[in-house]
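Below, each chain spelled out in residue letters.
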Amino acid sequence: MAIETAIPSATKVMTSGEYAESQLMAKQSEGNLDRDAFLKLFTTQLQNQDPLSPMTNEAFVSQLAQFSSLESMNNVDNSMQSMAEGMKSDRFLLGANLLGTKIDVSGEQAPLDERGHISGTANLEQSHESLIFTVKDAKGKAVFQEQLFDLPAGPLQLDWNGSNARGERQAPGHYSLSLTAISNGNSMDIPVSTSQVIKSVSWNEAKSEVLVEISNGRSISLADLEKFKY
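Residues numbered from 1 in each chain as written. Predicted model: local features only at pLDDT ≥ 70, side-chain atom pairs only at ≥ 80, totals over all residues. Heavy atoms only, no water.

Draft legend 1. The arrangement of the overall build of the chain in detail. Assigned secondary structure in the chain consists of two helices and 13 strands. Across the 230 residues of the chain, 27% fall into the buried class. When contacts within the chain are restricted to residue pairs at least 6 apart in sequence, those whose partners lie at least 24 apart make up 64%. (Helix = DSSP H or I, 4+ residues; strand = E, 2+ residues; numbered from the N terminus. Buried < 20%, exposed > 50% of the residue type's maximum accessible area, 1.4 Å probe, protein only. Contact = heavy atoms within 4.5 Å.)

So, in structure tokens, the structure goes:
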């Protein structure tokens, strides 16, 4: 007697990408099913209603209102999605137009090349008898320090020529500028903004915002930028 055996076909194992795609398609199908099922149920109900006891006008109008409300919500959702996509495109285009633009950013390191210098600005809310201007390298080591005297309230322009106190030229790299006020033994840091150049633009999907990459390689939100220079 012959024994027949059947070997089951191999089960297809879905990748994570295929699974995510199938879930998305399922969700979309569910959204369409709700709308189509409501309309199908409504028309079936009309076709099979009891001729001797038909649907009342109030019930008919009520179900029409429900369907109209569902359709309106779908339209609003589609409109909001289109609006969001349009806003994303507008903001990304704005960021792309800023490529190469100089901006002032507080607390950021600025690049120094072989012959260049680094400039910064600070806004003094009050006059100061003495301020300490410090330049630090990328590792946080102070390479230059200067004491400034009798400074009035208002904008203060700072400039470092790239050399230490002995006149030795410092290596190219990224440096930070800081300003410290000392009064009655207490010290207070004053924000210093340095000039940066927007190098690239990207889109942060998680936060739905445009990010710009500046000269020192750091990415910051376009919404946080306050001053542009051409």
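Draft legend 2. Spatial organisation of the nonpolar core. In terms of nonpolar packing, the biggest core is built from 21 residues, with Leu131, Phe133, Val135, Leu148, Leu156, Trp160 and Leu179 touching the most fellow members. Put simply, the parts of the chain that give this core at least two residues each are β2 (110-112), β3 (118-124), β4 (128-136), β5 (142-151), β6 (154-160) and β7 (173-183). Those residues in contact with Val135, other than ones at most four positions away along the chain, are Lys141, Ala142, Val143, Phe144, Trp160, Tyr175, Ser176 and Leu177. Val105, Val201, Trp203 and Leu225 belong to the second-largest nonpolar core, a separate cluster that totals 12 residues. (Core = buried A, V, L, I, M, F, W, Y, C linked by side-chain atoms within 4.5 Å.)

Draft legend 3. The pairing of β3, seen in detail. Every second residue of β3 is oriented toward a common face, the buried set being Ile118, Gly120, Ala122 and Leu124 and the non-buried set Ser119, Thr121 and Asn123. Two strands pair when backbone bridges link them, and β3 and β6 are joined in this way by seven bridges, in the antiparallel orientation. Counterpart to Leu124 in the pairing with β6 is Gly154. Two elements, β3 and strand β9 (residues 193-197), share two bridges in a ladder whose sense is antiparallel. Bridge assignment links Gly120 to a residue of β9, and that residue is Thr194. (Pairing = 2+ DSSP bridges.)

Draft legend 4. Local environment of the sheet that holds strand β11 (residues 209-213). What the three strands build is an open sheet, ordered β10-β11-β12; its pairing is antiparallel. The outermost strands of the open sheet, each flanked by one partner alone, are β10 (200-204) and β12 (219-221). When the angles between neighbouring strand axes are averaged without regard to direction, this sheet yields 35 degrees. With five bridges connecting them, β10 and β11 associate as antiparallel partners. (Axes fitted to C-alpha atoms, helices over the stretch in contact; angles between N-to-C directions.)

Draft legend 5. View of the side chain of Asn164. The residue Asn164 is located in the loop between β6 and β7 in this model. The buried category is assigned to Asn164, whose relative accessible area is 11%. A distance of 3.0 Å separates the side chain of Asn164 from the backbone nitrogen of Arg166, its partner in a polar contact. For Asn164, the side chain forms a polar contact with the main-chain nitrogen of Glu168, separated by 2.8 Å. Aside from chain neighbours lying at most four places away, what touches Asn164 is Val143, Phe144 and Gln170. (Polar contact = N/O pair within 3.5 Å; in protein donor to acceptor, adjacent residues only side chain to side chain.)

Draft legend 6. Focus on the packing of aromatic side chains. Inspection of the entire model under this criterion finds two aromatic pairs. An angle of 70 degrees between the planes, with centres 6.2 Å apart, marks the rings of Phe133 and Phe144 as edge-to-face. Here Phe133 is found in strand β4, whereas its partner Phe144 is found in strand β5, with 11 residues between them in sequence. When sorted by exposure, Phe133 lands in the same class as Phe144, which is buried. Measuring from centroid to centroid gives 5.0 Å for Trp160 and Tyr175, while their planes differ by 55 degrees, and the two rings are tilted. Taken as a pair, Trp160 in strand β6 and Tyr175 in strand β7 lie far apart in primary sequence, 15 residues in all. (Phe/Tyr/Trp six-rings, centres within 6.5 Å; stacked < 30°, edge-to-face > 60°.)

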